[in-house]
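Examining the three-dimensional arrangement
Each chain is listed here by its residues.
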Amino acid sequence: GQNIDQPTEMTATEGAIVQINCTYQTSGFNGLFWYQQHAGEAPTFLSYNVLDGLEEKGRFSSFLSRSKGYSYLLLKELQMKDSASYLCAVSVGGSGTYKYIFGTGTRLKVLA
Amino acid sequence: GAVVSQHPSWVICKSGTSVKIECRSLDFQATTMFWYRQFPKQSLMLMATSNEGSKATYEQGVEKDKFLINHASLTLSTLTVTSAHPEDSSFYICSARPGLADTQYFGPGTRLTVL
């Protein structure tokens, strides 16, 4: 089966740092994606991890541990506009048959 | 680059009618397109994967006779919700994958409301 878990909701203060965790148990693994989604809109790509370790991109960083089935998204210097849902997704399947299983999603609320 | 469009962006229909949603890759050829459904305050749920010129592969629990998917060309896939009922009301999002890359580009989504 496919199981990808995230905390349902998180709240943080403007200017702070927040870490959103994602744990997964999937049949197969090619890589892990993080997306941001505002209400009523499609997800937008944030990061993609294939190998273990930390990938940094501006205020956002993503970490992956394949052996532990664990990833996190780190958001620094939080801004009000970061209030959104954050979705992790795992790529499974072979080279010509990739498909993407999404986690439960985390709604982040940034307070002034 | 990598733009995906969906049409319509929203639709309201009566119970029992069928609704067709189009998904187009505007500047690349999509070997694979994906259809997702998202209920309020929930995550995306993969409904089916479609490859150009072949039958769609449906996820467990998704009725293939109710959600008809056609991928007639490398730039167009359609999802038809047949005999729609209020419980089918949802946000439907498509995505497209170029070539063999492990990535997908999302359309803007279609809000379906069935009365």
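These remarks concern the structure in this document. (Residues numbered from 1 in each chain as written. Chains lettered and ligands numbered in written order. Predicted model: local features only at pLDDT ≥ 70, side-chain atom pairs only at ≥ 80, totals over all residues. Heavy atoms only, no water.)

Regarding the state of the cysteines
Residue and element names in this part refer to chain A. What the rule picks out here adds up to two disulfides over all chains. One disulfide bridge connects Cys-22 with Cys-88, the sulfur atoms lying 2.1 Å from each other. Measuring the twist about the S-S bond at about 70°, one finds the Cys-22-Cys-88 disulfide to be right-handed. Of this pair, Cys-22 sits in strand β3 (residues 18-25) while Cys-88 is found in strand β9 (residues 84-92), placing the two residues 66 residues apart along the sequence. Residues Cys-22 and Cys-88 agree in their burial class; the two are buried. (Disulfide = S-S within 2.5 Å. Helix = DSSP H or I, 4+ residues; strand = E, 2+ residues; numbered from the N terminus. Buried < 20%, exposed > 50% of the residue type's maximum accessible area, 1.4 Å probe, protein only.)

Regarding the packing of aromatic side chains
Under the defined criterion, the tally for this structure stands at 18 aromatic pairs over all chains. When the ring of Phe102(A) is compared with that of Phe106(B), the centres are 6.3 Å apart and the planes differ by 65°; the resulting orientation is edge-to-face. Placement of Phe102(A) in strand β10 (residues 99-102) and of Phe106(B) in strand β10 (residues 105-106) is noted, with the two residues assigned to different chains. Each member of the pair Phe102(A) and Phe106(B) is classed as buried. Through a chain of ring-to-ring contacts, three or more aromatic side chains come together here, namely Phe33(A), Tyr35(A), Phe45(A), Tyr48(A), Tyr100(A), Phe102(A), Phe34(B), Tyr36(B) and Phe106(B). Between Lys66(B) and the ring centre of Phe67(B), over which it is positioned, the NZ or CZ distance is 6.0 Å. (Phe/Tyr/Trp six-rings, centres within 6.5 Å; stacked < 30°, edge-to-face > 60°. Lys NZ or Arg CZ within 6 Å of the ring centre and 35° of its normal.)

Thoughts on the pairing of strand β7 (residues 60-65) of chain A
The two faces of a sheet get side chains in turn, since along a regular strand they alternate between them. Residue and element names in this part refer to chain A. Most of β7 sits out of view: five of its six residues are buried. Two strands pair when backbone bridges link them, and strand β6 (residues 53-57) and β7 are joined in this way by five bridges, in the antiparallel orientation. Along β7, the bridge assignment pairs Gly-53 with Leu-64. Joining the antiparallel neighbours β6 and β7 is a turn of two residues, in which Gly-58 adopts a positive phi near 65°. Linking β7 to strand β8 (residues 70-75), which pair antiparallel, is a turn of four residues; within it Gly-69 sits at a positive phi near 60°. (Pairing = 2+ DSSP bridges.)

Topic: the interface of chain A and chain B
Between chain A and chain B, the contact holds 23 residues from the first and 21 residues from the second. Note on chain A versus chain B: buried area summed over both sides is about 1,600 Å², and carbon and sulfur give 51% of it. Connecting chain A to chain B are one salt bridge. Note that Lys99(A) and Glu59(B) form a salt bridge whose closest N and O atoms lie 2.9 Å from each other. Counting across the interface, chain A meets chain B through eight residue pairs in polar contact (both at pLDDT 80 or more). Within the residue set of the side of chain A that touches chain B, elements represented by two or more residues are β4 (31-37), β9 and β10 of chain A. (Contact = heavy atoms within 4.5 Å. Buried area = accessible area lost by both parts, 1.4 Å probe. Salt bridge = Lys/Arg side-chain N within 4 Å of Asp/Glu carboxyl O. Polar contact = N/O pair within 3.5 Å; in protein donor to acceptor, adjacent residues only side chain to side chain.)

Regarding the pattern of salt bridges
Summed over all chains, the structure comprises six salt bridges over all chains. The salt bridge partner of Asp82(A) is Arg59(A), with a shortest N-O separation of 2.8 Å. Remark: Arg59(A) occurs in the loop between β6 and β7 and Asp82(A) occurs in the loop between β8 and β9; sequence separation between them is 23 residues. Accessibility expressed as a relative area gives 1% for Asp82(A), which makes it buried. Between Lys66(B) and Asp88(B) there is a salt bridge, with its nearest N and O atoms 2.9 Å apart. Linking Lys66(B) in the loop between β6 (57-58) and β7 (67-73) with Asp88(B) in the loop between β8 (76-81) and β9 (90-98), this pair joins segments that are 22 residues apart in sequence.

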